[in-house]
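Understanding the architecture of this molecule
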Amino acid sequence: MPRGLARDHAEKRAALRKGAAKHFAEHGYDRASMASVASACGVSKALIYHYYDSKEALLFDILEGHLGALVKAVDRVPDTGAPEAQLRALIQAILVNYRDADAEHKLQIDALDTLPTDMKAPLIDLQRRLVTRMSDVIAAIGVSGELRAVTMTVFGMLNWFYMWHRPGKGISREAYGDLVTDMVLGGVRNL
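The paragraphs below set out a description of the structure included in this document. All chains use their own residue numbering, which begins from 1 and follows the written sequence. In keeping with the predicted nature of the model, local features appear solely for residues at pLDDT of at least 70, side-chain atom pairs appear and are counted solely at 80 or more, and the whole-chain, interface and lining totals rest on all residues. The side-chain numbers reported here are obtained from all heavy atoms of the structure, hydrogens and water having been left aside.

1. A few points about the packing of helix α4 (residues 55-75) against helix α5 (residues 83-98)
Under the convention used in this document: Working convention: axes come from line fits to C-alpha atoms, limited for helices to the stretch in contact. Angles between N-to-C directions cover 0 to 180 degrees. A run of DSSP states H or I qualifies as a helix once it reaches four residues; a run of E qualifies as a strand once it reaches two. Both are numbered from the N-terminal end. Oblique is the label for any angle not under 35 degrees, not over 145, and not in the 65 to 115 range, which are roughly parallel, roughly antiparallel and roughly perpendicular in turn. We call a crossing left-handed when the near helix sits turned anticlockwise from the far one by less than a right angle, and right-handed when that turn is clockwise. Contacts: residue pairs with any heavy atoms within 4.5 Å of one another. Each residue is assigned to one class: nonpolar for Ala, Val, Leu, Ile, Met, Phe, Trp, Tyr, Cys and Pro, charged for Asp, Glu, Lys and Arg, and polar for all the others, Gly among them.
In the contact formed by α4 and α5, the axes pass within 9 Å of each other and the chain directions differ by 150 degrees. By the angle class used here, α4 and α5 are roughly antiparallel. Handedness of the crossing formed by α4 with α5: right-handed. In this structure, α4 uses H66, A69, L70, A73 and V74 to contact α5, whose residues at the interface are L90, A93, I94, N97 and Y98. Residue composition of the contact of α4 with α5, by class: 8 nonpolar, 2 polar and no charged.

Shown next, in the form of structure tokens:
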């Protein structure tokens, strides 16, 4: 008779995802192995393989969790009211969900393209949902001609925040979200 899932299965899996994301981000996904991930997480290689049958499956789970959480956060932002307020709420939601997810975010940027097409496709769909929601709000503000460029510029400002921001030093995540929103709104009005 097959064994059931342990009571702490989800917690162990989450801890492995977090530890693996950090290891992949620090050492490079392409250079890391399941053995090095196991060592970095303080578990056996057999335990890693109990949860994930391949390095690709582990990367997929990390990225699906990260992007899925972003989509859920963005979906919780009401799509009613002034588009300027929606933009501010979207930017804040994204930045809040980037908190403590630097490794996952770095992997999204660096390693997503290494996955096979069938694994990459649902992740790209999640990214498109994020871009579409942001683009719709920016369009409602009044941008039309350069909508894609403006949308991707907003994501550029948000996506690289983790590279230079040091928690507890300088501008807060929330203040940066307001700064980005104000810059976008000021710039959009001048397009």
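2. Regarding helix α7 (residues 117-141)
Stated precisely, the cut-off is as follows: By this rule, a helix spans an expected 1.5 Å times one less than how many residues it contains. A simple rule labels every residue: compare its accessible area, found with a 1.4 Å probe on the protein chains alone, to the largest value its type can have, and call it buried under 20%, exposed over 50%, or partly exposed in between.
Between its first and last C-alpha, α7 extends 35 Å over 25 residues, near the 36 Å set by a 1.5 Å rise per residue. Along α7, the residues that are buried comprise M119, K120, L123, L126, L130, R133, M134, S135, V137, I138 and I141. Positive phi shows up at G142, right after α7, with a value of about 130 degrees.

3. A closer look at unusual backbone geometry
Glycine aside, negative phi is the norm for most residues, and most peptide bonds take the trans geometry. The phi angle at D100 is positive, at roughly 60 degrees, despite the residue not being glycine. Along the polypeptide, D100 turns up in the loop between α5 and α6 (102-111). The exposure class assigned to D100 is exposed, which follows from its relative accessible area of 63%.

4. Topic: the environment of D79
Residue position: D79 is located in the loop between α4 and α5. Residue D79 is classed as exposed on the basis of its relative accessible area, which comes to 58%. Along the primary structure D79 and V137 are separated by 58 residues, whereas in three dimensions their C-alpha atoms are 8.4 Å apart. In this view, D79 contacts Q86 and R133; residues no more than four positions away in its chain are not counted.

5. Quick look at the nonpolar core
Keep this limit in mind: What makes a nonpolar core is a set of buried Ala, Val, Leu, Ile, Met, Phe, Trp, Tyr and Cys residues whose side-chain atoms join them at distances within 4.5 Å.
Grouped together as the largest cluster of nonpolar side chains are 57 residues, with contacts concentrated most on F24, L87, L107, M134 and L158. In this structure, L87 is in contact with M134, V137, I138, I141, T181, V184 and L185, ignoring residues within four places of it in sequence.

6. Side note on the packing of α4 against α7
Helix packing for two helices is described by the angle between their axes and how far apart those axes are. Contact pair α4 / α7: the axes reach a minimum separation of 10 Å and the direction vectors enclose 20 degrees. Judged by the angle between their axes, α4 and α7 are roughly parallel. Classified by chirality, the crossing of α7 by α4 is left-handed. On α7, the residues touching E56, A57, F60, L63, E64, L67, G68, L70, V71, V74 and D75 of α4 are M119, P122, L123, L126, Q127, R129, L130 and R133.

7. Let's talk about the layout of surface pockets
Basically, it comes down to this: Here the term cavity refers to a set of points on a 1 Å grid, laid over the protein atoms alone, in which a 1.4 Å probe fits but cannot get out; the term pocket refers to an open set having protein on both sides within 12 Å along at least five of seven lines, with lining residues being those that place an atom within 4 Å of a point. Grid points are joined across faces, edges and corners, and a volume is the space filled by probe spheres set on the points.
Taken as a whole, the largest pocket encloses approximately 380 Å³ of empty space. Put simply, the parts of the chain that give the lining of the largest pocket at least two residues each are α4, α6, α7 and α8 (147-159). Element by element, the count of residues in the lining of the largest pocket is highest for α8, at 5 residues. When grouped by side-chain class, the residues that make up the lining of the largest pocket number 10 nonpolar, 5 polar and 2 charged. If you add up the space inside the second largest pocket, you get close to 200 Å³. For the second largest pocket, the lining is made up of 16 residues, of which R99, D102, H165, P167 and R173 are closest to its centre.

8. Some words on the environment of A93
By the secondary structure assignment, A93 is in helix α5. Distance in space between the C-alpha atoms of A93 and S172 is 14 Å, their sequence separation being 79 residues. Filtering out sequence-adjacent residues up to four positions away, A93 remains in contact with A73 and V77.

9. Considering the pattern of salt bridges
Note the following rule: Every case where a carboxyl oxygen of Asp or Glu lies within 4 Å of a side-chain nitrogen of Lys or Arg is listed as a salt bridge.
Tallied over the full model, the rule gives 12 salt bridges. Between R129 and D75 there is a salt bridge; the shortest N-O distance is 2.7 Å. Of the two residues, R129 is situated in helix α7 and D75 in helix α4; the sequence distance between them amounts to 54 residues. Note that D178 is salt-bridged to R88, the shortest N-O span being 3.0 Å. One end of the pair, D178, is in helix α10 (residues 173-189); the other, R88, is in helix α5, with 90 residues separating them in the sequence.

Any functional reading would require information that these geometric values do not contain.
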